[in-house]
Amino acid sequence: MNIPVLIVACVSLLAVIAHIVGGTIESASIAPDKKNEKLTRNWLQSMCAFQMLAIDLLIVTILLFLISLTDVITFEHELTLLLSLLFFLWGLVWLIQLFWLKNNAKTYLLLPQWIFWFICSALLYWGA
């Protein structure tokens, strides 16, 4: 059993649940007036892209549980390093996006997902 990878698998599972339940509720709450076709189309595109990420998170979560609890994947070391890079890039892109949109320092703490992604990246690197 690979404990660092198992920790990340559990965090990732929580992220999947939070993304699908909480994220969908929050995103649906900002639905624009249907009379504004352009804004509605843009919102629908955002919602669809948002839900596509749920599939990615779910696949990563399944892989992490397989790596941490079984020996069925023969290239666990390489896959774990690749997933560490993925989590690192998620955190980096999150920070770049916040910076690009010129948010204040408080926003970085109110949207702390980047912290979790960097911690998970480090745990996966350690677990590899």
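Structure: see above.
Residues numbered from 1 in each chain as written. Predicted model: local features only at pLDDT ≥ 70, side-chain atom pairs only at ≥ 80, totals over all residues. Heavy atoms only, no water.

(A) Expanded view of the overall build of the protein chain. The helix and strand inventory of the protein chain stands at 5 helices and 0 strands. Beginning at the N terminus, the succession of helices and strands in the protein chain can be written as α-α-α-α-α. Judged by the C-alpha coordinates and their principal axes, the protein chain covers about 55 × 30 × 20 Å. Residue burial in the protein chain is summarised as follows: out of 128 residues, 33% are buried. Long-range pairs, those at least 24 residues apart, make up 64% of the contacts in the protein chain between residues at least 6 apart in sequence. Computed over 6 positive and 7 negative side-chain charges, the inter-centroid distance for the protein chain is 23 Å. (Helix = DSSP H or I, 4+ residues; strand = E, 2+ residues; numbered from the N terminus. Buried < 20%, exposed > 50% of the residue type's maximum accessible area, 1.4 Å probe, protein only. Contact = heavy atoms within 4.5 Å. Lys, Arg positive; Asp, Glu negative; His and termini not counted. Charge placed at Lys NZ, Arg CZ, Asp CG, Glu CD.)

(B) Structural view of the nonpolar core. The biggest cluster of nonpolar side chains holds 18 residues, and the ones touching the most others in it are Val8, Leu64, Leu83, Phe87 and Leu124. Where this core is concerned, the elements lending two or more residues are helix 1 (3–28), helix 2 (37–69), helix 3 (76–100) and helix 5 (113–127). In terms of residue count, helix 1 provides more of this core than any other element does, 5 residues in total. (Core = buried A, V, L, I, M, F, W, Y, C linked by side-chain atoms within 4.5 Å.)

(C) Structural view of the environment of Val93. If you trace the backbone, Val93 turns up in helix 3. Judged by relative accessible area, Val93 falls into the exposed class, the value being 54%. For Val93 and Trp114, which are 21 residues apart along the polypeptide, the C-alpha to C-alpha distance reads 8.4 Å.

(D) Molecular detail of the environment of Leu63. Relative to the helices and strands, Leu63 resides in helix 2. Take Leu63: its relative accessible area is 24%, and that puts it in the partly exposed class. Leu63 sits 22 residues away from Arg41 along the chain, and the two C-alpha atoms are 34 Å apart. Setting aside residues no more than four positions away along its own chain, Leu63 makes contact with Ile73, Leu79 and Leu83.

(E) Main features of helix 5. Counted at 1.5 Å a residue, the expected span for helix 5 with its 15 residues is 21 Å, and the 21 Å between its end C-alpha atoms agrees. Of the surrounding elements, those touching the buried residues of helix 5 are helix 1, helix 2, helix 3 and helix 4 (105–110). (Expected span 1.5 Å × (residues − 1).)

(F) Up close: unusual backbone geometry. Of note, Lys102 is a non-glycine position whose phi angle comes to about 55 degrees, a positive value. With a relative accessible area of 73%, Lys102 lands in the exposed category.

(G) Representation of the packing of helix 3 against helix 5 in the model. Closest axis-to-axis distance for the helix 3/helix 5 pair is 8 Å, and the angle between their directions is 160 degrees. On the basis of the axis angle, helix 3 is roughly antiparallel to helix 5. Note that helix 3 runs across helix 5; the crossing there is left-handed. Within the contact between the two elements, helix 3 uses Thr80, Leu81, Leu83, Ser84, Phe87, Phe88, Trp90, Gly91, Leu92, Trp94, Leu95 and Leu98 and helix 5 uses Gln113, Trp114, Trp117, Phe118, Cys120, Ser121, Leu124, Tyr125 and Gly127. Taken together, the residues of the contact of helix 3 with helix 5 sort by class into 15 nonpolar, 6 polar and no charged. (Axes fitted to C-alpha atoms, helices over the stretch in contact; angles between N-to-C directions. Parallel < 35°, antiparallel > 145°, perpendicular 65-115°, else oblique. Left-handed = near helix turned anticlockwise from the far one by under 90°. Nonpolar A, V, L, I, M, F, W, Y, C, P; charged D, E, K, R; others polar.)

(H) Molecular detail of the side chain of Ser121. Tracing the backbone through its elements, the reader meets Ser121 in helix 5. For Ser121, a relative accessible area of 7% puts it in the buried group. When neighbours within four sequence positions are excluded, Ser121 is seen to be in contact with Ser84, Phe87 and Phe88.

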